[in-house]
Amino acid sequence: KQEVTQIPAALSVPEGENLVLNCSFTDSAIYNLQWFRQDPGKGLTSLLLIQSSQREQTSGRLNASLDKSSGRSTLYIAASQPGDSATYLCAVNSQGGKLIFGQGTELSVKP
Amino acid sequence: EAGVVQSPRYKIIEKKQPVAFWCNPISGHNTLYWYRQNLGQGPELLIRYENEEAVDDSQLPKDRFSAERLKGVDSTLKIQPAELGDSAVYLCASSSPRPTGISGNTIYFGEGSWLTVV
């Protein structure tokens, strides 16, 4: 059974810092991995999708990496801003469309 | 392009009452999902549709939950009767089975229906 873990559960950093959010999964047989952002009281917004054959994806200040063999993914946020404050969720697609989510990392970027 | 639309956004009901949620997926998306998200947790899949067929409903509590996707577009999720433990956010999502470049297989979520059972 696929299990997804995110560390840390919460993170607080000063504005301008570079930071890394971690995601690990137990079954390396995945189709893809997706990172989402969730603002309080809102739904999920897709940030990056990494296919199983890819090593990383970039979008603006965000870079996500995938190491299938070790069951790990990281989301790197460069030059963090207060507007980046949100909960970040990673989700693994390992059964043809069924996403298994981690519990999320709650990020707070202080001005 | 319109995103995934859900209604109602918020619902407060007494226990044992019924409740229904509606979802309109992104146009052209054949796959539709209902997820439940408890406070401080990641979403968990309740049911997944491919067109009008429920292909994965293993996590749906069938004694009180039901869902339908008539004509393979809109979907409704019903709870009857509701229990206190059903308080959660019910998220609908959709995706296209055909890869479309970098966004292939990306799953798009609605803003959710927030249910409070008192």
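These lines cover the structure that appears in this document, whether it is placed above or below. These figures come from a predicted structure and were not determined experimentally.

Some points on the state of the cysteines
All names here are of chain B.
Reasoning step 1: Here the structure, examined in full by the defined rule, presents 2 disulfides over all chains.
Reasoning step 2: Disulfide pairing places C23 opposite C92 at an S-S distance of 1.9 Å. Of note, the bridge from C23 to C92 carries an S-S torsion of about -70 degrees and is left-handed in sense. Pair noted here: C23 is in strand β3 (residues 19–24) and C92 is in strand β9 (residues 88–95), with a separation of 69 residues, a long-range link. As far as burial versus exposure is concerned, C23 and C92 are alike and both buried.

Some remarks on the sheet that holds strand β1 (residues 4–7) of chain A
Residues and elements named next belong to chain A.
Reasoning step 1: In space, the 5 strands of this open sheet follow the order β1-β3-β8-β7-β6, with antiparallel pairing throughout. In the strand order of this sheet, the two ends are held by β1 and β6 (56–59), each with one partner. Within this sheet the neighbouring strands show an average axis-to-axis angle of 15 degrees, counted without direction.
Reasoning step 2: In terms of strand pairing, β1 meets strand β3 (residues 19–25) through 4 bridges, oriented antiparallel. When the sheet's bridge partners are listed, Q6 is paired in β3 with C23.

A closer look at the pattern of salt bridges
Reasoning step 1: Applying the stated criterion to the full structure yields 8 salt bridges over all chains.
Reasoning step 2: Here D86(B) and R64(B) are joined by a salt bridge, their closest N and O atoms 2.6 Å apart. Here D86(B) is found in the loop between β8 (75–79) and β9, whereas its partner R64(B) is found in the loop between β6 (53–56) and β7 (65–68), with 22 residues between them in sequence. Like D86(B), the residue R64(B) is buried in the burial classification.
Reasoning step 3: Shared partners join several salt bridges into a network, and the residues in it are K42(A), R9(B) and E111(B).

Cut-off values and rules
- Residues numbered from 1 in each chain as written.
- Chains lettered and ligands numbered in written order.
- Predicted model: local features only at pLDDT ≥ 70, side-chain atom pairs only at ≥ 80, totals over all residues.
- Heavy atoms only, no water.
- Disulfide = S-S within 2.5 Å.
- Helix = DSSP H or I, 4+ residues; strand = E, 2+ residues; numbered from the N terminus.
- Buried < 20%, exposed > 50% of the residue type's maximum accessible area, 1.4 Å probe, protein only.
- Pairing = 2+ DSSP bridges.
- Axes fitted to C-alpha atoms, helices over the stretch in contact; angles between N-to-C directions.
- Salt bridge = Lys/Arg side-chain N within 4 Å of Asp/Glu carboxyl O.

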